[in-house]
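# Notes for the structure review
Chain by chain, the residues run as shown.
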Amino acid sequence: MTSSDAISNEQDAAKRNLWLHFTRMSAYTDSEVPVIVRGSGAYVYDQHGKRYLDGLAGLFVSQVGHGRTELAEAGARQATELAYFPLWSYAHPKAIELAARLADLAPGNLNRVFFTTSGSEAVESAWKLAKQYFKLTGEPGRYKVLSRAIAYHGTSMGALAITGLPDIKHPFEPLPPGGVRVPNTNFYRAPDFVAGDEAEFGRWAADEIERAILREGPESVAAVFLEPVQNSGGCFPPPPGYFQLVREICDRYGVLLVSDEVICAFGRLGYYFGSQRYEYQPDIITFAKGVTSGYSPLGGMVVSDELMEPFAAGTATFLHGVTFAGHPVSTAVALANLDVFEKEDLLGNVRANEAAFRATLEKLYDLPIVGDVRGAGYFYGIEMVKDKATRETFSDEESERLLRGFLSQALFDAGLVCRTDDRGDPVIQLAPPLICGPEHFDEMELILREVLTEAWTRI
Ligand SMILES: Cc1ncc(COP(=O)(O)O)c(C=O)c1O
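The shown structure was predicted, so the numbers you read here are calculated from the model rather than taken from an experiment.

## Side note on the packing of aromatic side chains
Given two aromatic rings, one states the distance between the centres and the angle between the planes to describe the pair. Within this structure, the stated rule accounts for 20 aromatic pairs. Note on F22 and Y152: the rings are 6.5 Å apart at their centroids and 70° apart in plane angle, and the pair reads as edge-to-face. Placement of the pair is F22 in the loop between helix 1 (3-17) and strand 1 (36-40) and Y152 in the loop between strand 5 (144-148) and helix 6 (157-162), with a sequence separation of 130 residues. Both rings, one in Y133 and one in F134, keep their centres 5.2 Å apart while their planes meet at 70°; by these two values the pair is edge-to-face. Both residues of the pair, Y133 and F134, count as buried. A cation sits over an aromatic face here: K131 above W127, 4.9 Å from the ring centre. It is R142 that lies over the ring of F134; its NZ or CZ is 5.2 Å from the centre.

## What to know about the sheet that holds strand 4 (residues 110-116)
Taken in spatial order, the seven strands line up as 4-10-9-8-7-5-6 in an open sheet, and their pairing is mixed. One side of each edge strand has no neighbouring strand; the edge strands of this open sheet are strand 4 and strand 6 (179-182). Each neighbouring strand pair of the sheet contributes to a mean axis angle of 25°, computed without reference to strand direction. Its contacts with the sheet put helix 4 (residues 93-105) on strand 4 and strand 9 (284-287), and the angle it makes with strand 4 is roughly 135°.

## Details of the sheet that holds strand 13 (residues 416-417)
Read from one edge to the other, the open sheet built from four strands follows the order 1-2-3-13, with strand pairing classed as mixed. With partners counted over all chains shown, the strands left at the sheet margins are strand 1 and strand 13, one partner each. Relative to strand 2 (residues 43-46), strand 1 is paired through four bridges, and the arrangement is antiparallel. Considered in strand 2, the bridge of S40 is made with Y43. Helix-sheet contacts for helix 15 (residues 438-457) involve strand 2, strand 3 (51-54) and strand 13, and the interaxial angle to strand 3 is about 110°.

## Comments concerning the pairing of strand 7 (residues 221-226)
The buried count for strand 7 comes to six of six residues, which makes it a mostly enclosed element. As paired strands, strand 5 and strand 7 are joined by three bridges and run parallel to one another. Note on strand 7: the bridge partner recorded for L146 is V224. Pairing of strand 7 with strand 8 (residues 256-260) involves four bridges; the strand directions are parallel. Paired with F225 across the strands is V258, a residue of strand 8. For the crossover that starts at strand 7, traverses helix 9 (residues 242-253) and ends in the parallel strand 8, the hand is right-handed.

## Brief notes about the packing of helix 4 against helix 12 (residues 328-343)
Direction vectors running N to C along helix 4 and helix 12 enclose 40°, while the axes themselves pass 8 Å from each other. Considered as vectors, helix 4 and helix 12 are oriented oblique to each other. Remark: the crossing between helix 4 and helix 12 carries left-handed chirality. Here K94, A95, E97, L98, R101, L102 and L105 of helix 4 lie close against helix 12, whose contacting residues are P328, T331, A332, A334, L335, L338, D339 and E342. Split by residue class, the contact of helix 4 with helix 12 holds nine nonpolar, one polar and five charged.

## Focus on the site of the ligand
Contacts to the ligand come from S118, G119, S120, Y152, H153, G154, E227, D260, V262, I263 and K289. Side-chain polar atom of S120 to an oxygen atom of the ligand: 2.6 Å apart, as the coordinates give it. The side chain of K289 places a nitrogen or oxygen atom 3.0 Å from an oxygen atom of the ligand. Within the complex, 84% of the 390 Å² of free accessible area of the ligand lies under protein. Partitioning the shell around the ligand into residue classes produces three nonpolar, five polar and three charged.

## A closer look at helix 12
Compared with the 22 Å implied by 1.5 Å per residue over 16 residues, the 23 Å span of helix 12 between its first and last C-alpha is a close match. One or two steps after helix 12, the chain reaches D345, where phi turns positive at roughly 45°.

## Some remarks on the nonpolar core
Of all hydrophobic cores here, the largest spans 67 residues; its most connected members are F115, F266, L407 and L448. It is helix 12 that contributes the most residues to this core, eight residues altogether. Among the nonpolar cores identified, the runner-up in size contains 39 residues, and A206, C235, Y278 and V417 belong to it.

## Looking at the pattern of salt bridges
One pass over the structure, following the stated rule, counts 28 salt bridges. Measuring nitrogen to oxygen at the nearest pair gives 2.7 Å for the salt bridge that ties E210 to R252. With E210 in helix 8 (residues 198-216) and R252 in helix 9, this residue pair connects regions lying 42 residues apart in the sequence. A relative accessible area of 16% means that E210 is categorised as buried. Residues R423 and D421 are paired through a salt bridge, measuring 3.2 Å at the closest nitrogen-oxygen approach. When its relative accessible area of 5% is taken as the criterion, D421 is described as buried. In this structure, a network of salt bridges that share partners links the residues R189, D372, R374, E383 and D425.

The rules behind the values
Residues numbered from 1 in each chain as written. Predicted model: local features only at pLDDT ≥ 70, side-chain atom pairs only at ≥ 80, totals over all residues. Heavy atoms only, no water. Phe/Tyr/Trp six-rings, centres within 6.5 Å; stacked < 30°, edge-to-face > 60°. Helix = DSSP H or I, 4+ residues; strand = E, 2+ residues; numbered from the N terminus. Buried < 20%, exposed > 50% of the residue type's maximum accessible area, 1.4 Å probe, protein only. Lys NZ or Arg CZ within 6 Å of the ring centre and 35° of its normal. Pairing = 2+ DSSP bridges. Axes fitted to C-alpha atoms, helices over the stretch in contact; angles between N-to-C directions. Contact = heavy atoms within 4.5 Å. Right-handed = clockwise from strand over helix to strand, strands pointing away. Parallel < 35°, antiparallel > 145°, perpendicular 65-115°, else oblique. Left-handed = near helix turned anticlockwise from the far one by under 90°. Nonpolar A, V, L, I, M, F, W, Y, C, P; charged D, E, K, R; others polar. Near = heavy atom within 4 Å. Polar contact = N/O pair within 3.5 Å; in protein donor to acceptor, adjacent residues only side chain to side chain. Areas by Shrake-Rupley, 256 points an atom, 1.4 Å probe, with all protein chains shown as cover. Expected span 1.5 Å × (residues − 1). Core = buried A, V, L, I, M, F, W, Y, C linked by side-chain atoms within 4.5 Å. Salt bridge = Lys/Arg side-chain N within 4 Å of Asp/Glu carboxyl O.

The following block contains the structure:
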């Protein structure tokens, strides 16, 4: 069989048997399914050998980059020694070691680690823990969860109830009750009365959380779920002082603050945890993705000593678990991943280069389509507009034509893996591996400039 026959057979099977996530499968009826076959450093290669800069770290995952043998070998060693044993009543050494290491890295009194296999499971677990915690501590009416408009917190039913994206919820309603929306921190689209002053905007957005708690009844609210920098909508950093106010509000009403760091932990913002960058103390941190740099799946939550306390004595048990949570191979890989973080000072690399990343992307402001460049660390969104002066956005039809009809494919064809998203206003999202530096930023800018210039002529 020639290599072109093999590719053709693979394409047939991909189209006949594989179901891609969040993907219009019809888009591939007359075109090739992109098949990524290998990776090395900041680059991945498709079935034809073509190279792409991985400007999204896979899906906000590949912190240490691709093709790292030390992580692969750590996984293989562990599989040889003990491939699997559950964390149901038993422990294994790598889960213990990783839990201790994460407790050490996590802020304040977050010392107890509950592993999962994914971010959705981590979010789901945090909500379940909050509900059971309040039942055990004499406040059984607390079950509601506040989260922000357009925020993505996962796809399992509970996590989807917390997610703030109406379009991906509707097909699955009714969802578990208790999800309540509050405004996000998109300063570019701030309401007029707070549009001029970021701190004022932050006070308003935090006050909206307090108003929602009061409206719902504090005795019914269990937790607030917030990302340090909200991904969906295109990277909304917190306004100055926002998280400090949210912490005060949560304390005032006995509500738990959950920092959903599935994207923002493990160096994405230049810190092990995003809450450390913005100096707030959560009650729970949820994590996944970058904890293993994707060399094996793993998620989890780090929980405060106080939240664990009611479960620490007598017959109390957190009645929750999943078979593969804290898998030996994944925890071994996570430890090797953290070793690379230390050895190569990846947090230092992000902190040293993030200003250059921002400055390089901001060069794109000379293009008429670039309305806003926002983000932090190695985590940026570029919002596209039809009119820079008025900030007018695209109609649904234009957005469909521009993003789905042109931009996504054109950026990929030009050699850049990134993400175009119009679940809020239309944005391009960038989150490269943490090993990247100025030469990669320049490459991104060059490709974005070329493709966005072409996009403008097609509006
Ligand atoms: C903030 C946040 N929470 C939760 C999730 C869900 O994670 P997973 O896809 O691993 O279930 C994601 C995924 O992107 C996320 O960004």
